[in-house]
Each structure stands twice: as structure tokens, then as C-alpha cells.
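Chain residues, written in single-letter form:
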Amino acid sequence: MSPQPVELKRTEDHHIEIEWSDGFQQRISYRMLRDNCPCATCREPTDTPPATGLRVLSAAETIPLVVQKMQPVGNYAYNIQFSDDHNTGIFTFNLLRNLAKRSS
Ligand SMILES: [Zn+2]
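Residues numbered from 1 in each chain as written. Predicted model: local features only at pLDDT ≥ 70, side-chain atom pairs only at ≥ 80, totals over all residues. Heavy atoms only, no water.

Peer 1: What should I look at first to understand the nonpolar core in this one?
Peer 2: If you look at soluble globular proteins, the nonpolar side chains tend to sit buried side by side. Counting residues in hydrophobic clusters, the biggest one holds 19 residues, and the most contacted among them are L33, F91 and L96. Looking at this core, the elements that each hand over two or more residues are β2 (15-20), α1 (30-35), β4 (67-73), β5 (77-82) and α4 (93-103). Residues contacting F91, with those up to four places away along its chain left out, are L33, N36, C37, P38, Y76, A77, Y78, I80, F82 and L96. (Core = buried A, V, L, I, M, F, W, Y, C linked by side-chain atoms within 4.5 Å. Buried < 20%, exposed > 50% of the residue type's maximum accessible area, 1.4 Å probe, protein only. Helix = DSSP H or I, 4+ residues; strand = E, 2+ residues; numbered from the N terminus. Contact = heavy atoms within 4.5 Å.)

Peer 1: How do you make sense of the pairing of β4 when you look at a structure like this?
Peer 2: Consecutive side chains along a regular strand alternate between the two faces of the sheet. Both β4 and β5 contribute to a ladder of 6 bridges, which runs antiparallel. Within β5, the position partnered with M70 by the bridge is I80. Turn length for the β4-β5 hairpin, with the two strands adjacent in sequence and antiparallel, is 3 residues, and the turn residue G74 shows positive phi of about 55 degrees. (Pairing = 2+ DSSP bridges.)

Peer 1: In this structure, what is going on with the coordination of the zinc ion? I would like to understand it.
Peer 2: Octahedral six-donor coordination of a metal ideally yields angles of 90 or 180 degrees, compared with 109.5 degrees for tetrahedral four-donor coordination. Each protein donor to the zinc ion is listed here as C37 (SG), C39 (SG), C42 (SG) and H86 (NE2); together their distances run 2.0 to 2.3 Å. Taken together, the 4 donor atoms coordinating the zinc ion span angles of 102 to 115 degrees at the metal, a pattern that classifies the geometry as tetrahedral. For the zinc ion, all donor residues lie on one chain, and their spacing in sequence is C-x1-C-x2-C-x43-H. Separated by 44 residues along the polypeptide, C42 in helix α2 (residues 40-43) and H86 in the loop between β5 and β6 (90-92) bring together distant segments of the chain. (Donors = N, O, S within 2.8 Å, 3.2 Å for Na, K, Ca; no water. Tetrahedral: all angles 85-135°; square planar, octahedral: opposite > 155°, others 65-115°.)

Peer 1: Just checking my understanding: could you explain the pairing of strand β3 (residues 25-29) for this structure?
Peer 2: Residues Q26 and I28 line the buried face of β3, whereas the alternating positions Q25, R27 and S29 sit on a face that is not buried. Taken together, the 5 bridges between β2 and β3 define a ladder with antiparallel strand orientation. By the bridge assignment for β3, I18 is matched with Q26. Connecting β2 to the antiparallel partner β3 that follows it, the hairpin turn spans 4 residues, and G23 within it adopts a positive phi of roughly 95 degrees.

Peer 1: For this particular structure, what's the right way to read the side chain of R34?
Peer 2: For R34, the position within the fold is in helix α1. Accessibility expressed as a relative area gives 16% for R34, which makes it buried. If sequence neighbours within four positions are ignored, R34 has contacts with C42, L65, F82, D84 and H86.

Peer 1: What am I meant to see in the packing of aromatic side chains here?
Peer 2: For the structure on display, the rule yields 3 aromatic pairs. Ring centres 6.2 Å apart and planes at 85 degrees place the aromatic pair W20 and F93 in the edge-to-face group. Here F93 lies in helix α4 and W20 lies in strand β2, a separation of 73 residues in the sequence. You'll find W20 and F93 in the same group, each marked buried. (Phe/Tyr/Trp six-rings, centres within 6.5 Å; stacked < 30°, edge-to-face > 60°.)

Peer 1: What exactly am I supposed to notice about the sheet that holds β3 here?
Peer 2: With antiparallel pairing, the 3 strands of this open sheet are ordered in space as β1-β2-β3. This sheet does not close on itself; its edge strands, each paired only once, are β1 (5-10) and β3. Across the sheet, the mean angle separating the axes of adjacent strands is 20 degrees when strand polarity is ignored. In terms of strand pairing, β1 meets β2 through 5 bridges, oriented antiparallel. Looking across to β2, one finds that K9 is bridged to E17. (Axes fitted to C-alpha atoms, helices over the stretch in contact; angles between N-to-C directions.)

Structure, rendered in C-alpha cells:
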């Protein structure tokens, strides 16, 4: 059986902390979660070509991104609501675990 989160909390410094059933402790930044949102909209290639050089940040990107809500979906995932009004991403436990490998 794959590990399950046993504890999940949001920290003051814009991270979530997950403790897994196998004892693994994980920290993921809000920004990283948002960048790895698995929903169809975020995974779709944007219609603008990749920018070369600096790109202009939209207003929403200049204010710190916050995770407003995390809700369990079944017993395999969390639905995350971000402060930029994005709430369609279903983050499976598998995906969350894989983010740990990338951030370490
Ligand atoms: Zn998304």
C-alpha cells in the first residue's frame, strides 16, 4: 500500500507540511503547488509562444499566492483552492509525493 498523509498543515511561511504514514516529512511551497497544478487548464499549452527574455507578470502573480483551502477528495487526493481563484486542481497523494523528489 502506498503511503497516506497522516497530518497536513499550512505554515506561516507559505508552505504546506505533510507527514506521511511511512514517517516521511515533506514541505512544499504554495508556489510549487500552483506551478504543478494537474488540472486540464494548467496542463494545456498556452496559446502564446514561450517568451524569450523577461515576461510581464500579471497582477495576480505579483501578490503572494496563498493556499486558501485544502479539501480531501476520496482517500487519494486533495483539492486545493488558491488565492488566485483557482480551485480545479486535484492533487493526488502520488503527485504530492513526487513533488518531494523534485524539491530535495
Ligand atoms: Zn490548474
